[in-house]
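# Summary of structural features
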Amino acid sequence: MRGIRARLTLTLIALVVLTTLVLGLGSYLFVDQSLHERFRDDAAAQARVDFQVLIPSRNLPPNPTRTDLEELGLLAAFRQRPDTDTIVDIGDGDPTVAAFLGRFSARLLALVESGELAYEWTSVTGRPELVVAGRLPPAGPAFYFVHDASSIEQALATLRIALTAGGIVLALVAVLAARWVARGVLLPVDAAARAAERIERGDLGARVPVASRDEFGDWAERFNRMADTLQDTISRLEAAQAQNRRFVSDVSHELRTPLTALVAEASILREHLDALPPDARRTGELLVADVARLRTLVDELMELSRFDAAAERVALEPVDLGSLVRRIAATRAPDADVAVPDAPLVVRTEPRRLERIVSNLVDNAAEHAPGSPVQVRVRSRAPWAYVEVLDRGPGVPAERLDRIFDRFYKVDPSRTGGSSGLGLAIAAEHAAVLGGDLRAFNRAEGGLRIALRLPVTEPLPGREAAATGGYDRGPPIPSTQESPS
Amino acid sequence: MDGNILLVEDDPSIREVTAIGLRTAGFDVTTAADGQEGLERFRGAPFDLLLLDVMLPRMDGLELCRAVRRTSTVPIVMLTARGDTIDVVVGLEAGADDYVKKPFEVPELVARVRAALRRVQREAAEPDRLRLGALTIDTAGRTVERDGRDIALTRTEFDLLVELTRRPGQVMTRDILLDRVWGYDYMGDSRLVDVAMQRLRAKIERDPSSPELVLTVRGAGYKSVR
């Protein structure tokens, strides 16, 4: 954009300067020529009058001497003329006159010799001069009238100054005008750039002002129509998504009342299963188990719809990750092989969410790798702390690793295990709320490793400086006392 | 009879199955289908405990709870549809002693009801006068005074204060407090303790944001000052 502005400005300036130069130079040359011509014509007219009227009126004798000329008052008359010197060559070889004549061109002397009235621009005395010369017929004395032409040069000098000054002023005006014009031309481009920038930042209502009926105007209208369509589509998608989420939320809320009845009923039925005949008892057992499954599903749907409504509030507190994970594993997966660092690893987190994440991961491992030991590891690498759950199951095809955190995603759709397919999605949402994330990897030795990554916001053991994650850079709280949140 | 319970719940299935469960456990159960009916039944006969659904037609459970609290200290357990902290806070503010999250299993509900009833019976047993800072606590009269002025505490807040004051300087975990104050003998919701503690502090501390009487021990629980 700067390129176009600069090119436009430079082009306009160059045009103005070129025009100014051509016009200035042209008018200068024209004035120069006319001044010289007029000066020469005036001098020639004067000379003609001299030869035809003044000199004949003095009745010169043939072949007059310098004394004749002096006595008849002719030289005196010539001397009275301002800015004009008169040299008379009477053919007597006077050295002063000869020295003067030597400075004129041979062509002038030859023309005078042949009886023509001739002129020449020269500078015999060091200033610009016009020499007009002729001789009396048939072979009388030759008169050289030397006119001082300094006035022409002065006039031209003044003109040069005037033209230069004018040119500079014009060039300045051209610069300003060029910038103004360039700005005017590029104004719609700037406006469009600003509108595009606002759209980029998510302000879909941004539009380009349609200020003119030219190509830019057309373009702006087209741009705005595109933005309309974009805004329309996105708001439709958002509405559809919101509706979808509201539906899930409504469904799970509506399910809650019959589910509450079912859970209560099943809990009573369970106490009395032994009193039923075998078939009814088995059916009753299945019913109790299915109610439990339904309850899990509805609970998880509600949990997810709370994330969708962005209704999550977090209350972070400093926690030693190692001992917390050890505690969670002890209750949720007593058989798991747990490895945590000896030194405390303090993270700011919410223990309830962490428990939810870890138990979902452990449940997932237990489900997909039944019968094999589950490993839980805690480790740290600044600025992150990791909780990893490893199993010895079949793993997940590499191209589907990312998708296992999708809702209702099942690696093997034919499996209808006890899980809802929401456990990992929920764990991932909790991880995000805690400022971390979940990632899955296939282990080289077989099985799946899912890593929860959490920002470490307290000094790592053995370090002077606080290693902080990107989320909470507040200073570590030094004392064990705190006020309630 | 183990106790006389008023159950207010609008959904017929839940109402019936809950009543069956409570009766099987040995309680005497009176039911009501909305808040207004619940209030009338409460005024009509004495009850040992109230079980109130939060969402009720005509008069909701929280409003009913407040109305009952104006005249009675009978234990109240709320049945909440959501276990959100907000619901817990609002329930406790309305004067409830405990809450049970829906969906619930009947044995779980019975255990909570028994725990709430046990607390009432236990209270009469240990008359004592305790001091905590400027507070004087009379466990027989269930009153708390500061500078000769009564501070009105709910049953739960009072029990919590007494529990902490009896063991000055000793750290009480949330689980222990749940067990001692609410009578939970299984994993309960520790937010219940935090919410009740917050409300207790608002009443007994001069500056609730920097407590001087009951301190939080990070990552462990609470303790009263010596």
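Everything below is about the structure printed above this text.
Right, let's walk through the structure included here. Numbering of residues begins from 1 in every chain and follows the order in which that chain's sequence is written. Both sets of labels track the order of writing: A upward for chains, 1 upward for ligands. At least 70 in pLDDT is required for a residue's local features to be given in this predicted model, at least 80 for side-chain atom pairs to be given and counted, and no such filter applies to totals for whole chains, interfaces and linings, which use all residues.

### Some thoughts on the overall build of chain B
- Check the secondary structure of chain B and you find eight helices and 12 strands.
- Comment: burial labels come from other C-beta atoms within 10 Å of the residue's own C-beta, placed from the backbone, where a count of 20 or more is buried, 12 or fewer is exposed, and between is partly exposed. Counting only residues that meet the buried cut, chain B has 39% of its 226 residues in that class.
- Each residue is represented by a C-beta atom placed from its backbone, and any two residues with such atoms within 7 Å are regarded as in contact. Sequence separation of at least 24 residues holds for 56% of the intrachain contacts in chain B that already meet a minimum separation of 6. By the criteria applied, helices consist of DSSP H or I runs no shorter than four residues and strands consist of E runs no shorter than two, each listed in order from the N terminus.

### Observations regarding the overall build of chain A
- Secondary structure summary: chain A contains 11 helices and 12 strands in total.
- Out of the 485 residues belonging to chain A, those deemed buried represent 22%.
- Residue pairs at least 24 apart in sequence account for 61% of intrachain contacts in chain A once pairs closer than 6 positions are excluded.

### Some words on unusual backbone geometry
- Here the residue pair K102 of chain B and P103 of chain B is connected by a cis peptide bond, since its omega of -5° sits within 30 degrees of zero.
- When you line up the elements, P103 of chain B lands in the loop between β5 (98–101) and α5 (106–123).
- Notably, D83 of chain A is not glycine yet its phi reads approximately 60°, a positive angle.
- Examined against the element boundaries, D83 of chain A turns out to sit in the loop between α3 (74–79) and β1 (84–89).
- With 11 C-beta atoms packed within 10 Å, D83 of chain A lands in the exposed category.

### Describing helix α2 (residues 35–44) of chain B
Residue and element names in this part refer to chain B.
- Regarding α2, the residues found buried are G35, G38 and F42. Looking straight down α2, one finds that the buried residues subtend no more than 55° of arc, so they occupy a single side. Turned more than 90 degrees away from the buried face of α2 sit E40, R43 and G44, all of them exposed.
- In this structure, the buried residues of α2 make contact with β1 (4–8), β2 (28–32), β3 (49–53) and α3 (61–69). Directions pointing from the helix axis toward each C-beta atom define the arc.

### Notes on the nonpolar core
- I5, L50, L52, C65, V77, M78 and L161 of chain B are the most contacted members of the largest nonpolar core, which totals 69 residues.
- With seven residues, the top contributor of residues to this core is helix α8 (residues 191–204) of chain B.
- In contact with L52 of chain B, other than residues within four places in its own chain, are V8, G61, L64, C65, I76, M78 and L79 of chain B.
- In this description, a nonpolar core means buried residues of the types Ala, Val, Leu, Ile, Met, Phe, Trp, Tyr and Cys, linked to one another by C-beta atoms lying within 7 Å. Judged by nonpolar contacts, the second largest core, of 45 residues, contains L321, A365, L424 and V456 of chain A.

### Brief notes about the sheet that holds strand β4 (residues 76–80) of chain B
Residues and elements named next belong to chain B.
- If you trace the five strands from one edge of the open sheet to the other, you get β2-β1-β3-β4-β5, paired in parallel fashion. Sheet topology places β2 and β5 at the edges, where each strand pairs with a single neighbour. Adjacent strand axes in the sheet meet at a mean angle of 20° when their direction is disregarded.
- Where β1 lies against β3, four bridges are found, and the strand directions are parallel. If you follow L6 over to β3, its bridge partner there is L50. We call two strands paired when DSSP finds no fewer than two bridges between them. Only C-alpha atoms enter the line fits that serve as axes; for helices the fit covers just the stretch in contact. Angles between N-to-C directions range over 0 to 180 degrees.

### Focus: the sheet that holds strand β6 (residues 129–132) of chain B
Residues and elements named next belong to chain B.
- Across the sheet, four strands lie side by side as β6-β7-β8-β9; this open sheet has antiparallel pairing. Bordering the open sheet on either side are β6 and β9 (149–151), each of which pairs with just one other strand. Each strand of the sheet is rotated relative to its neighbour by a mean of 30°, with strand direction disregarded.
- Sheet topology places strand β8 (residues 143–146) next to β9; three bridges connect them, and they run antiparallel. Along β9, the bridge assignment pairs E145 with D150.

### Section: the pairing of β1 of chain B
Residues and elements named next belong to chain B.
- Among the five residues in β1, four count as buried, and that is most of the element.
- Examined bridge by bridge, β1 and β2 share five bridges and lie parallel to one another. Paired with I5 across the bridge in β2 is V29.

### Some points on the interface of chain B and chain A
- If you look at the interface, chain B gives 26 residues, while chain A gives 18 residues.
- Every element with two or more residues in the side of chain B that touches chain A is listed here: α1 (12–24), α5, α8 and β11 (214–217) of chain B.
- By residue number, the principal contributor to the side of chain B that touches chain A is α1 of chain B, which donates six residues.
- Split into classes, the residues belonging to the side of chain B that touches chain A amount to 12 nonpolar, eight polar and six charged. Side-chain classes are defined by residue name, with Ala, Val, Leu, Ile, Met, Phe, Trp, Tyr, Cys and Pro counting as nonpolar, Asp, Glu, Lys and Arg as charged, and the others, Gly among them, as polar.

### Notes on the pairing of strand β7 (residues 346–349) of chain A
Residue and element names in this part refer to chain A.
- Here β7 shows no split at all, with V346 and R348 on one side and V347 and T349 on the other all buried.
- Taken together, the four bridges between strand β5 (residues 317–320) and β7 define a ladder with antiparallel strand orientation. Of the residues in β7, the one forming a bridge with V319 is V347.

### What about the packing of helix α8 (residues 278–308) of chain A against helix α11 (residues 423–433) of chain A?
All names here are of chain A.
- Where α8 contacts α11, the axes come no closer than 10 Å and their chain directions differ by 35°. By crossing handedness, the relation of α8 to α11 is classed as left-handed. On the side of α8, the interface is formed by E300, E303, L304 and F307, while α11 contributes A425, I426 and E429.
- A per-class count over the contact of α8 with α11 returns four nonpolar, no polar and three charged. By convention, the crossing between two helices is left-handed when the near helix turns anticlockwise from the far helix through less than a right angle, and right-handed when the turn is clockwise.

### Re the packing of helix α6 (residues 150–200) of chain A against helix α7 (residues 215–271) of chain A
Residues and elements named next belong to chain A.
- Following both chains from N to C, one finds α6 and α7 inclined at 10°, their axes separated by 11 Å at the closest point. If you check the angle between α6 and α7, you find them roughly parallel. Counting all contacts with α6, which are made through P188, A192 and I199, the residues of α7 involved are F216, A220, F223 and A227.
- For the contact of α6 with α7, the class distribution of residues is seven nonpolar, no polar and no charged. If an angle is under 35 degrees, it is roughly parallel; if it is over 145, roughly antiparallel; if it lies from 65 to 115, roughly perpendicular; otherwise it is oblique.

### Let's talk about the environment of G436 of chain A
All names here are of chain A.
- Mapped onto the secondary structure, G436 falls in the loop between α11 and β10 (437–442).
- With 25 C-beta atoms packed within 10 Å, G436 lands in the buried category.
- When the C-alpha positions of G436 and L454 are compared, they lie 4.5 Å apart, and in sequence the two are 18 residues distant.
- Excluding anything up to four places from it in sequence, G436 contacts A431, L452, R453, L454 and P455.

### With respect to the environment of H368 of chain A
All names here are of chain A.
- Summarising the element assignment, H368 is placed in helix α10 (residues 351–368).
- Overall, the presence of 22 C-beta atoms within 10 Å leaves H368 in the buried class.
- With residues near it in sequence (within four places) discarded, H368 still touches D391, G393 and L448.

### Regarding the environment of A398 of chain A
- Along the polypeptide, A398 of chain A turns up in the loop between β9 (384–390) and α11.
- Between the C-alpha atom of A398 of chain A and that of A440 of chain A, which follows or precedes it by 42 residues, the distance is 9.6 Å.

### Section: helix α6 (residues 155–165) of chain B
- The element α6 of chain B is extensively covered by neighbouring structure, given that 10 of its 11 residues are classed as buried.
- Regarding α6 of chain B, the residues found buried are R155, T156, E157, F158, D159, L160, L161, V162, L164 and T165 of chain B.

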